[in-house]
Amino acid sequence: MQNRIDQLFAVKRHNVLNIYCTAGFPELNDTLPVMTALQQYGADLIELGMPFSDPLADGPVIQDSSTKALQNGMSLHKLFEQLTSFRDRIQVPVILMGYFNPVLTYGVEAFCAKCAEVGIDGIIVPDLPMAEYENEYRPVFEKYNLHLIFLVTPETSEERIRKIDSLSKGFIYAVSSSSTTGKDKDMKDQQAYFERLKQLQLKNPVLIGFGIKDKATFEAASAYANGAIIGTAFIRAIEHSKNIDETVKTFISGITQ
Amino acid sequence: MDIAINTGNSRYQVDKNGYYGRFGGAYIPEMLYPNVQELQSQYLSILSDPTFQQDFEALLRDYVGRPSPLYFAKRLSEKYKAKIYLKREDLNHTGAHKVNNTIGQILLAQRLGKRRIIAETGAGQHGVATATVCALMGMECVVYMGSIDIERQAPNVARMKMLGATVVPATSGSKTLKDATNEAIRDWINNPVNTHYILGTAAGPHPYPDMVARFQSVISEEIKKQLLEKTGSENPDYVLACIGGGSNAAGAYFHYLDREEVKLVAVEAGGKGVHSGFSAATTQLGTIGIIHASKTLLMQTNDGQIVEPHSISAGLDYPGIGPMHAHLYESGRAQFLSATDDEALAAAYELSLLEGIIPAMESAHALAKLKDLPLNTDDVVVVCLSGRGDKDLDTYIRHMNK
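All residue numbers refer to position in the chain's written sequence, counted from 1. Labels are handed out in written order, letters beginning with A for the chains and numbers beginning with 1 for the ligands. Only residues with pLDDT of 70 or above have their local features reported here, since the model is predicted, and side-chain atom pairs are shown and tallied only from 80 upward, although totals for entire chains, interfaces and linings are computed over all residues. Side-chain numbers here rest on the full set of heavy atoms in the structure, without hydrogens or water.

Engineer: I would appreciate a short explanation of the overall build of chain A in the present structure.
Structural biologist: For the purposes of this entry, the term helix denotes a DSSP run of H or I that reaches at least four residues, the term strand denotes a run of E that reaches at least two, and both are numbered from the N terminus. Along the backbone of chain A there are 12 helices and nine strands. By the compact-globule yardstick of 18 Å for 257 residues, chain A fits well, its C-alpha radius of gyration being 17 Å. Summarising its shape, the C-alpha atoms of chain A cover approximately 45 × 40 × 35 Å along the three principal directions. Here's how the labels work: a residue is buried when its accessible area is under 20% of the maximum for its type, exposed when over 50%, partly exposed in between, all with a 1.4 Å probe on protein chains only. Burial statistics for chain A: of 257 residues in total, 63% are counted as buried. Radius of gyration here is computed from C-alpha atoms only, and the compact-globule reference equals 2.2 Å multiplied by the residue count raised to the power 0.38.

Here it is as structure tokens:
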């Protein structure tokens, strides 16, 4: 079967909306209800965060959601249990995002096998560098048809972006500014960088993330790329939600309508 | 006082990919790639530059007060029936070995054109040593420190502030050294161009473990010369050092790594007992994983979550060890022991009463294992006395009547 991420970009090239949510947040068993609502109200892709005790690349909001999820009892084993038959009701591509230590401890091959078994399409591991992936782990990810999605930043050289593009599958995650997640930065300052990325004519689609929080920022980013990723703003929205379905509906329609 | 540059084909030094055996590497997010890459590609050429070495040596001599004495501890030797020497890093300016590394890194930061310095600190010794060199060079300094450590190391917090540093409490996770390090790394991600991160221990992404070990290698460089003068041989039978992340141990071992006849002993913080649930004895409780961008041994759950360690000593209260030490442990080159909080306290009192030296809580862990080594009367033992105990007086006073 063709990877669902590739299927998506084969038919949709513009305004692709990827929403990040932390597994097991706000409550342990909210994982599937949140994902179901995201699909129903128009998210094109779901990025599901695997909580970690020490999320280095994340700002306070996603850190706190991760801590809360761990307190709720979330773990990789628990997550795979929750995802056992999620493909019965969710068709959009799903990406797992998390740090390398829990994956390494689970066993990289066992992790990939389990992802393939439940129906995961891609993985983002911000602290797994390109060189390590290339030297050691690439065959395992490819064996299970999992796309490893790499990040590029405003400081990434063109040469390195090209290299990342050649190793990447699915899409490239363009971090909009040099920062942890959830930092507010002026989108205007980043236009030169987005423009530069666009000019590179990469083989992979590009989604822009970090600092995308509403309709205006989503549209601004989408003008330069195939779409954008929203994380922190969505976590804030569902943090104290009394009705997940209603909250997700309001949040997504605020972006897409 | 040469910085070790050419280390040849050592089995125990870093390889060209930044690994020690299967440990090490740089598991960094892409946001840190330009910074870390800049360091990786430049640190060796900067360190081997003669003007850099001159500046480093001059500051260590005139500002830090090196060489630090190698002191024959007569009464301690009588008690343990061996020849025990103390490497007096406690007599350095700012009171610990940490300043050797901060002097080196501030000179490096200048050559990289950086204007802003960040650091993490546990006990506050590295924070003070960083604030000190920033004041010396007129650089902006931000130190991240766990909010729990800010409470238990108040005098060092005051010193950092008096030296002009901004001390930022780390309030995430366990609120100690591990979390302060996370916050420093996050700061670096958010300030990629003008900032240098002065990491304080022989851990973190390559090249930090190697770079910090090289700056600290002045310790064993001096031990060799001093021991030759005093005993006629550069080699002791044992080198004993405490280990949290492992910077003083890395420096004390450095020039002896390939002299297998010298026994290297590392003492971890056993806390309330290795299996009490309140310990920081990483080699006994840890498994391989990634912490602070390094593949090494660390304490974690079955699910790969990093656990919160415990030690009475804020400087050893860390759930990992540097990758060089993980390799020394796994290869059997160094012997790893642990000392409990109580053993360390007893050793601190003993050194105070026998030698008139109040050691840092961290260094007391190393002293605590003298009783467990199978020593002969002719054995020469060097203990790295990594710091002085002024900062720990509150802890010592609290236990005085127990």
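Engineer: Which parts of the structure should I look at to understand the pattern of salt bridges?
Structural biologist: When charged atoms on two side chains of opposite charge get close, those side chains can pair. All names here are of chain B. Criterion for a salt bridge: a side-chain nitrogen of Lys or Arg within 4 Å of a carboxyl oxygen of Asp or Glu. As enumerated under the stated definition, the model contains 40 salt bridges over all chains in all. Linking Lys391 and Asp392 is a salt bridge whose minimum nitrogen-to-oxygen distance equals 2.7 Å. Each member of the pair, Lys391 as well as Asp392, carries the same accessibility label: buried. Put simply, Arg66, Lys87, Glu89 and Glu222 are held in one network by salt bridges that share partners.

Engineer: Would you mind going over the pairing of strand S6 (residues 140-146) of chain B with me for this structure?
Structural biologist: Consecutive side chains along a regular strand alternate between the two faces of the sheet. All names here are of chain B. Among the seven residues in S6, six count as buried, and that is most of the element. When DSSP locates at least two bridges between a pair of strands, those strands are taken to pair. Summarising the sheet, strand S5 (residues 116-121) and S6 pair through six bridges and their orientation is parallel. By the bridge assignment for S6, Arg116 is matched with Glu140. In this fold, the crossover linking S5 to S6 by way of helix H5 (residues 125-137) has right-handed handedness. Relative to strand S7 (residues 166-170), S6 runs parallel, the two sharing five bridges. Bridged to Gly146 within S7 is Ala170. Crossover handedness is defined by viewing with both strands directed away from the observer: a clockwise path from the first strand over the helix to the second marks the crossover as right-handed.

Engineer: Is there a simple way to think about the sheet that holds strand S3 (residues 94-97) of chain A in this case?
Structural biologist: Residues and elements named next belong to chain A. Strand order in the open sheet formed by nine strands is S5-S4-S3-S2-S1-S9-S8-S7-S6, and the pairing between neighbours is parallel. With partners counted over all chains shown, the strands left at the sheet margins are strand S5 (147-148) and strand S6 (151-152), one partner each. Across two bridges, the pairing between strand S8 (residues 206-209) and strand S9 (residues 227-230) is parallel. When the sheet's bridge partners are listed, Leu207 is paired in S9 with Gly227. Against the sheet, helix H2 (residues 31-41) engages strand S1 (16-22), strand S2 (45-49) and S3, with an angle of about 160° to S2. Where helix H9 (residues 191-199) meets the sheet, its contacts fall on S6, strand S7 (172-175) and S8, and the angle it forms with S7 comes to roughly 160°. Residue contacts follow a heavy-atom distance rule, with two residues in contact if any of their heavy atoms lie within 4.5 Å. Working convention: axes come from line fits to C-alpha atoms, limited for helices to the stretch in contact. Angles between N-to-C directions cover 0 to 180 degrees.

Engineer: Got a minute to help me understand the interface of chain A and chain B in this structure?
Structural biologist: By a frequent convention, interface size equals the accessible area lost on bringing the separate parts together. Each partner contributes to the interface: chain A provides 40 residues, whereas chain B provides 31 residues. Carbon and sulfur atoms make up 53% of the surface buried where chain A meets chain B, a total of about 2700 Å² over both sides. Across the chain A-chain B interface, the total number found is two salt bridges. Across the salt bridge formed by Asp54 of chain A and Lys178 of chain B, the nearest N and O atoms sit 2.8 Å from each other. Pairs of N or O atoms within 3.5 Å make up the polar contacts considered here, provided that, within protein, one atom can donate a hydrogen while the other can accept it, and that residues adjacent in sequence are counted only when both atoms are side-chain atoms. Viewed at the interface, chain B and chain A are joined by 18 residue pairs in polar contact (both at pLDDT 80 or more). Sorting the residues of the side of chain A that touches chain B by element identifies helix H3 (60-71), helix H4 (76-82), helix H5 (100-106), helix H7 (130-143), S6 and helix H8 (158-167) of chain A as the ones contributing at least two each. With five residues, the single largest contributor to the side of chain A that touches chain B is H5 of chain A. For the side of chain A that touches chain B, the residue count by class is 20 nonpolar, 11 polar and nine charged. Summed over both partners, the accessible surface that disappears when two parts come together, traced with a 1.4 Å probe, is what is meant by buried area. For this classification, Asp, Glu, Lys and Arg are treated as charged, while Ala, Val, Leu, Ile, Met, Phe, Trp, Tyr, Cys and Pro are nonpolar and the rest, including Gly, are polar.

Engineer: Help me understand the pairing of S2 of chain A, please; the structure alone is not making it clear to me.
Structural biologist: All names here are of chain A. The buried count for S2 comes to five of five residues, which makes it a mostly enclosed element. A two-sided burial pattern is seen for S2, the buried positions comprising Leu45, Glu47 and Gly49 on one face and Ile46 and Leu48 on the other. With five bridges joining them, S1 and S2 adopt parallel strand pairing. By the bridge assignment for S2, Cys21 is matched with Leu48. At this point the chain moves from S1, through H2, to the parallel S2, and the crossover so formed is right-handed. In this structure, S2 lies alongside S3, joined through four bridges in parallel fashion. Looking at the pairing, Ile46 lines up with Val94 of S3.

Engineer: Where do I start with the packing of helix H1 (residues 33-47) of chain B against helix H9 (residues 208-216) of chain B in this structure?
Structural biologist: Packed helix pairs are specified by the crossing angle of their axes together with the interaxial distance, meaning the distance between the axes. Residue and element names in this part refer to chain B. Two elements in contact, H1 and H9, have axes whose closest approach is 11 Å; the angle formed by their N-to-C orientations is 15°. Judged on the interaxial angle alone, H9 and H1 are roughly parallel. In this structure, H1 meets H9 at a crossing whose hand is left-handed. Across the interface between the two elements, Leu39, Tyr43, Leu44 and Leu47 of H1 pack against Tyr208, Asp210, Met211, Arg214 and Phe215 of H9. Class assignment of the residues belonging to the contact of H1 with H9 gives a composition of seven nonpolar, no polar and two charged. Note on angle classes: values under 35 degrees are labelled roughly parallel, values over 145 roughly antiparallel, values of 65 to 115 roughly perpendicular, and the remainder oblique. Two helices that cross are described as forming a left-handed crossing if the nearer one is turned anticlockwise from the farther one by less than a right angle, and a right-handed crossing if clockwise.

Engineer: It is not clear to me how H2 of chain A should be interpreted in this structure. Could you clarify?
Structural biologist: A turn of α-helix holds 3.6 residues, and therefore any two residues three or four places apart point the same way. Residue and element names in this part refer to chain A. Judged by how many residues are buried, H2 sits mostly within the fold: eight of 11 residues are covered. Every buried residue of H2 is listed here: Thr31, Leu32, Val34, Met35, Ala37, Leu38, Gln39 and Tyr41. Residues of H2 that are buried make contact with S1, S2, H4, S3, helix H11 (232-239) and helix H12 (244-256). Immediately downstream of H2, the backbone of Gly42 shows phi near 120°, a positive value.

Engineer: How do you make sense of the domain arrangement of chain B when you look at a structure like this?
Structural biologist: Residues and elements named next belong to chain B. On domain assignment, one finds that chain B holds domain 1 (27-61 + 98-212) and domain 2 (65-95 + 217-399). One C-alpha centre belongs to domain 1, the other to domain 2; they are set 22 Å apart. Residue-level contacts link 34 residues of domain 1 with 33 residues of domain 2. Summing both sides of the interface, domain 1 and domain 2 together bury roughly 2700 Å²; the carbon and sulfur share of this comes to 57%. On the domain 1 side of the interface with domain 2, the three residues burying the most area are Tyr27, Arg152 and Lys178, jointly 22% of the side's total. For the interface between domain 1 and domain 2, the tally reads zero salt bridges. Per the annotation, domain bounds derive from an automatic or database assignment of domains.

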